[in-house]
Structures are given as structure tokens and as C-alpha cells.
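Reading the structure
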Amino acid sequence: MTTLSCLLAAMLLLSCNTEKKSEPLQLLPQPQMLTLSPSGQHRLHQGMPDPSVVAERLIAAIPEVEVNAEEAYRLRITPDSILMEATTEKGIYWARQTLNQLIASSGGNTLPALEITDWPAFRVRGFMHDVGRSFISVEELKKQISLLSQYKINVFHWHLTENQGWRLESRRYPQLNDSSSFTRLPGKYYTMEDAREIAVHCKTHNMLLIPEIDMPGHSDAFARATGVDMQSEKGMKILKDLMEEICTEVFPEVPYIHIGTDEVEFTNPVFVPEMVAHIRGLGKKVISWNPGWNYQPGEIDATQLWSYRGKAQPGIPAIDSRFHYINHFDAFGDIVALYNSRIYNSDKGSNDIAGTILAIWNDRLLEDEEQIMAQNFFYPNMLALAERAWLGGGSEYFDKNGVILPIDEKEETFRSFVNFEHRMLWHKEHNFAGKSFPYVQQTQVKWHIIDPFPNGGDLSAVFPPEKALSDSYLYNGQTYAVRPAIGAGIYLRHVWGNIVPAFYENPQENHTAYAYTCVWSPKEQTVGLWVSTQNYSRSESDLPPPLGEWDYRGSRIFINDKILSPPVWENRHTEKTNEITLKNENFTARPPLPVDLKKGWNKVLLKLPVGKFNTPEVRLQKWMFTFVFVTPDGKDAMPGLTYDPSKINEK
């Protein structure tokens, strides 16, 4: 029986409890093996198990475990006992998280009698914050570590240095932390005590801390503070001294140091080998970006892959971050590809494939840490990664459906995502209250999308769908089909072009697309609307849309044949820069738009032209749209609505 089938069976069994209806199982990530017992249920006392019947035990082995046995556990619940077994304390810690989720979703009444045997498919399951270009407070980082460890995330990659600033205190070279050495957020850095506090917090929550000191690139802050280049003889001497301070005084118990080596011209051929040897001599293992310095097995302890060019090498453990930069993600499409895709196209880890890290790069300044979380859709994507990296498997590797949900609702890939979405939204409600969690149900949002019409570069050109909606069109002797899509965010062409599949198989410049649906409302009411036609990447210096326009492409949104005006954009600048913060360009940074729906069917039509895919105003045009009705406060999908494009001609 598959994990999904086990959970569905568990939900059915629990919903049949005649004493008091229990909540279904809401385990995230799903366990590898789950067996429900017919022997009854374990009664809770004031919502919690009796501590006297809960036991933890270290054992020699769990025979069923396939990989990563040091993190595996077994959880057995009977009517009169709860037993957690593992070969290490790590496994016991994960067993506790599973038990806590079972208790939280129990309704406070009983737990099902069951046995779970569980282990991670991949040994690295992590997240990365670029605080070289930004700053996230110690308290906020600790909250994230605590929260994500509940979902068996076990790595925090802390990118501490950048061109904009050296964010880690040095007492040997205090000029690194002087305000004059920063070009962004001067004076914002972590003291040694802060860093040690984060290290202790990670250890307490079963999480590996990987500090990154980027070298020899991304090091302008180092050069401003010291007056020398890292690759010079003097620069290397200073850097070796700094690394001794970091390895022995700041992070004495942290086993890994990440040294970057990406996006730089190597002018000193001995720089990287000497720095690796030096850091290893201080008792640390070393991680490096790939592409970056070229290593042979034995010359580095692990590589972290970025961009489609990153390639794993036999004999060197690889961490997959190739399509995992959420600073480019939208809210609804990219999470589909993330959840469905295998880790480096592998069902489970190996000596060479360690796992994955989801990264946020803050090239574009955002106002504060709350906006970093909101505009990067951090928690929804982290829960998608948490399940995929623990459970393993997947239906593709960003190369089949990509960011598009299957339209066959009986297909296993669709059903699996619906199941995940249901559990994720339960956790949003119960565990992320008061935190930015910009995701609502999207698997009920249905569209018809028309083949694109060539516009010859005229983004204002009008085509037949604006006059009447139909199942197909004959225009200038060519037939234009209408095809279904499902989701609140639809990429017509992905931000990374044809590397990641989107709705159109072969999208071309200078075309105009149309999408439409019909939305049933049980009454006349005002609802909220999350809507956009260009998700602004947090790594781009793109200009805000012109006033009165949704974007630079002439997109139009019609609801019941009335044009919907865009927000008043707060940014008005006309020269591209990363130092002016994104404001309300992205829907997560503004209140939902109020929209009046009539009782009955409401027609929605989107006109989506595109010219060039790369323009002076917006470097990476995202030919896409986001559209979903939400509660006026934006917390949930608006209940009681039905999306059905086949009803477009009904009143």
C-alpha cells in the first residue's frame, strides 16, 4: 500500500469514530510506512498522552530502513502505550515531531492505534538565507528554525557575507563591521554571541548549521574594510586569520564551512586549494558552489549545485539547489514544480546525492524581514520541500508538466498535490497563525486558455476573444484552440524560459493570450482578489508598472465585462536600481483588491499580451497571471465559490 493510500485509509477510519468525530491525520511530511491497527484507540487526557505510558528507546537497528538510518525512527501507538524507537537521538527527535502532529490533529480526544516506520530519503533538507544582502533578526531566525524543525528540516545554510556587507562580527578585524564597510543596512551584523546563540538553537532543534563565508567573489565588503583583494597574498593572510577566528571562536562545534567560490574570476590559482586545506586543518569540512571552483574527488567535502549548469560529480556529495531559488518563484505555479520534482532526479539519496536546500537571494532590497518572508512565499515552499526531501520520489524533475498541474483530476500526480495542499493548509491554520503564509487552495480554480494570437509587436491589438468567448477560433485562416488549466497562478512561459515547462509548449515573443473562467457566487457579495500579471523577482532591479497599467505589456482584466483597474503603484522611479525596495508591486505586499460579485455566474476574462521576453524595464518578463478570490482579509480562499469556465455563457 502506498503512503498516500495509507493516509487516505487513515482519514476514512478516523472520520468513522462514533464517540466524537476526530480530525484526519495531518502528517507533514508523510511517513514512509504507516500501518493502522484494528486494536482500538489511545485515549488522551486533556488533549495529551499520559506521560507515564510514553517511552523512548534507543535500539541497534530498524531493519526496514532503506537509507539514512541515523535519522530513522519507529513510532508505535497502542490503546495503553506509546513507544518511540530509534538508533540515535536524532531519530527520537523526529519521532517526537510526528507524535506532536498526531496529537495536534487528534481533536484532543484519541490517537489512532498505529505503527509508523520512517526515515528520510535525503540526508540534507534545508533552507538558506542571504543575510549578506539583508538582515534577519536573531529572534526571527530562531522562530524559523524552531518551526521548520517540526517538519523535519535539518539544515540552516547561513550566507553571512556579501558585496554589500560582512554580517558576522570579527574582533580581530573590527573594521569589517564598521558602517563605512557596508553599502546596504550599515551597522547591521551578528555579534559573536548572536552567532553562537543561533548555533546552539540549531543543535537543540536537530538542525545542522552551515555558515557561509563567500570567497573570493562577492567580497567587496572585505576589500573596503581591509583595502586588499582576497586573492592577494595579504588578502589570503587576513582571510586565513579570519577563518581561524570563525572556526575556533565563533563556531567551534559546527562541522561544515561553506566557502562560496561562485561568480568570480580566479586570479590566484592557489587561493581555493590553500583555503580548503586551511579550513580543513581547523577541523572543519568544506562545501563549495558548483559552478565555481573545479574540484576532483577528495579535494572538497560537498558541492552545492546552482542554476541548470550545476552538475553532480561521482565521489563528491552534491546538494541540489539548481531550481530552488525562491526569490524567482511565484506564489502558485512554482510550488507545483517544487513539490512534484525529484531531488536531482533521484528517488532517494546516495553517497553522491545528499539532498536539497531552498535558497532566498536578496539582490533587491525589501523593506524588512516580514516582506522577505511574504514576497518569497517562504513557508509554503518550505513545506513542499520538507515533504519531497523526506519522502523522496516525485513525478518529474522540472521537465514534464513543470509549473502546471495535470488537468486529469484522477491522475496520481494531481491527487498527490491535492492531498499535500489539504495538509499544508491545515498546518497553515493550526501552526502558522500570525505568520506570513501567502497560499490558499488553488486546485479548485479552473480556466480555459486560448492559443496565443500573433500581435506583430502591437500589444494593444484586439483579437476575437474580446468580442465573444468560444471553444475555438478561426482567425486569419488559422484555428486557435482552447485548452483547460487548473491553478491560481498559471505560467504561460516560465521565468527560466523553456528550461522549465509551462502552459505553452513553445511560447514565442509578440503574441497575445487570453484566459477565462466563470465563478459562481451563492450571493451578491464583496470579496478579495489576489491578482497580478507580473510577479516581481526579488533578485531584479525591475521598474514598477506604469500608473494605470498592470504591467509593461498592456494586460487587461475584465470581470463581468468591466475592466478592473490596477492598484496605485507606490514606486514611481524610472531608473533601475536594487536599492529602492519593492513595495506593492507583488500582491503579497498589498491588501486584496475588493471585488463585487453578483449572485450567480461571474465572467472573468484576462488579456495577456507579450512583446519581448527581455525588456529595458523588466529584465525577465514573466508571461503569467495570478488570479484567485480570497476573503477580504486575504487569509483564506473565498469559500462557497465555484470556478467553471464551461459556464461562460450562463447568467
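The preceding data block contains the structure.
Let's shift gears to the pairing of strand E22 (residues 593-597). Along E22, the buried face is formed by Leu593, Val595 and Leu597; none of Pro594 and Asp596, which line the opposite face, is buried. Sheet analysis places strand E19 (residues 525-532) next to E22, joined by five bridges and oriented antiparallel. Residue pairing across strands places Gly528 opposite Pro594, the latter belonging to E22.

Here we come to a negative patch on the surface. Together, Glu367, Asp368, Glu370 and Glu570 give the surface a local cluster of negative charge. Owing to a relative accessible area of 53%, Glu370 belongs among the exposed residues under this scheme.

Turning to the packing of helix H4 (residues 192-204) against helix H6 (residues 233-250), a few remarks are in order. Helix-helix packing is described using two parameters, namely the angle between the two axes and the distance between the axes. One way to put it is that H4 packs onto H6 with a least axis distance of 11 Å and a crossing angle of 55 degrees. Our classification of the angle between H4 and H6 gives oblique. Judged by the twist between their axes, the crossing of H4 over H6 is right-handed. Facing H4, whose interface residues are Met192, Ala195 and Arg196, H6 presents Glu245, Glu249 and Val250.

Under the definition given, this model contains 33 salt bridges. A salt bridge links Glu85 to Arg74; the nearest nitrogen and oxygen atoms lie 3.4 Å apart. Pair noted here: Glu85 is in strand E4 (residues 81-86) and Arg74 is in strand E3 (residues 73-78), with a separation of eleven residues, a long-range link. For the salt bridge of Asp301 with Arg280, the shortest nitrogen-to-oxygen distance reads 3.2 Å. Residue Asp301 is found in the loop between strand E10 (285-290) and strand E11 (302-305), and its partner Arg280 is found in helix H7 (residues 271-281); the two are separated by 21 residues along the sequence. Look at Arg280 and you get partly exposed, because its relative accessible area is 30%. Among the ionic contacts, a cluster of salt bridges with common partners joins Arg57, Glu64, Arg74, Arg76, Glu85 and Glu115.

As a further point, take the packing of aromatic side chains. Counted according to the given criterion, the structure contains 43 aromatic pairs. Ring geometry for Phe135 versus Tyr190: centroids 4.5 Å apart, planes at 25 degrees, classification stacked. Placement of the pair is Phe135 in the loop between strand E6 (124-130) and helix H3 (138-149) and Tyr190 in the loop between strand E7 (155-159) and H4, with a sequence separation of 55 residues. For the pair formed by Phe135 and Tyr190, the shared burial category is buried. Relative to Phe463, the ring of Phe453 has its centre 5.1 Å away and its plane inclined at 15 degrees; by these criteria the two rings are stacked. In this pair, Phe453 is assigned in strand E14 (residues 446-454) and Phe463 in the loop between E14 and strand E15 (472-475), connecting sequence segments ten residues apart. Each member of the pair Phe453 and Phe463 is classed as buried. Put simply, the rings of Phe127, Phe135, Tyr151, Phe156, Trp158, Tyr190, Phe251, Phe378, Tyr379, Phe432 and Phe437 pair up and form one aromatic cluster. In this structure, Arg309 is placed above the aromatic ring of Trp306, and the distance from its NZ or CZ to the ring centre is 5.2 Å.

Listed as buried for H7 are Phe271, Val272, Met275, Val276 and Ile279. Axial view of H7: buried residues confined to an arc of 120 degrees, hence all on one face. At its buried positions, H7 is contacted by strand E8 (208-215), H6, strand E9 (256-260) and E10. One or two positions beyond H7, positive phi appears at Gly283, with a value near 90 degrees.

Okay, the sheet that holds E22 next. Strand order in the open sheet formed by four strands is E17-E24-E19-E22, with antiparallel pairing between adjacent strands. Each edge of the open sheet carries a strand with a single partner, namely strand E17 (489-493) and E22. For this sheet, the mean angle separating the axes of adjacent strands, direction not counted, is 30 degrees.

Moving on, we come to the sheet that holds E8. Sheet architecture is closed into a barrel: eight strands sit in the order E6-E7-E8-E9-E10-E11-E12-E13, paired in parallel fashion. With direction set aside, neighbouring strand axes in the sheet form an average angle of 30 degrees. As paired elements, E10 and E11 share four bridges and run parallel to each other. Pairing of Asn290 across the sheet is with Leu305, part of E11. Along the sheet, H6 contacts E8 and E9; its crossing angle with E8, the most-contacted strand, is approximately 170 degrees.

The rules we used
Residues numbered from 1 in each chain as written. Predicted model: local features only at pLDDT ≥ 70, side-chain atom pairs only at ≥ 80, totals over all residues. Heavy atoms only, no water. Buried < 20%, exposed > 50% of the residue type's maximum accessible area, 1.4 Å probe, protein only. Helix = DSSP H or I, 4+ residues; strand = E, 2+ residues; numbered from the N terminus. Pairing = 2+ DSSP bridges. Patch = residues over 30% accessible without salt bridge, like charges linked within 9 Å, V, L, I, M, F, W, Y side chains within 5 Å. Areas by Shrake-Rupley, 256 points an atom, 1.4 Å probe, with all protein chains shown as cover. Salt bridge = Lys/Arg side-chain N within 4 Å of Asp/Glu carboxyl O. Lys, Arg positive; Asp, Glu negative; His and termini not counted. Charge placed at Lys NZ, Arg CZ, Asp CG, Glu CD. Axes fitted to C-alpha atoms, helices over the stretch in contact; angles between N-to-C directions. Parallel < 35°, antiparallel > 145°, perpendicular 65-115°, else oblique. Left-handed = near helix turned anticlockwise from the far one by under 90°. Contact = heavy atoms within 4.5 Å. Phe/Tyr/Trp six-rings, centres within 6.5 Å; stacked < 30°, edge-to-face > 60°. Lys NZ or Arg CZ within 6 Å of the ring centre and 35° of its normal. Arc of directions from axis to C-beta.

These figures come from the coordinates and say nothing about function on their own.
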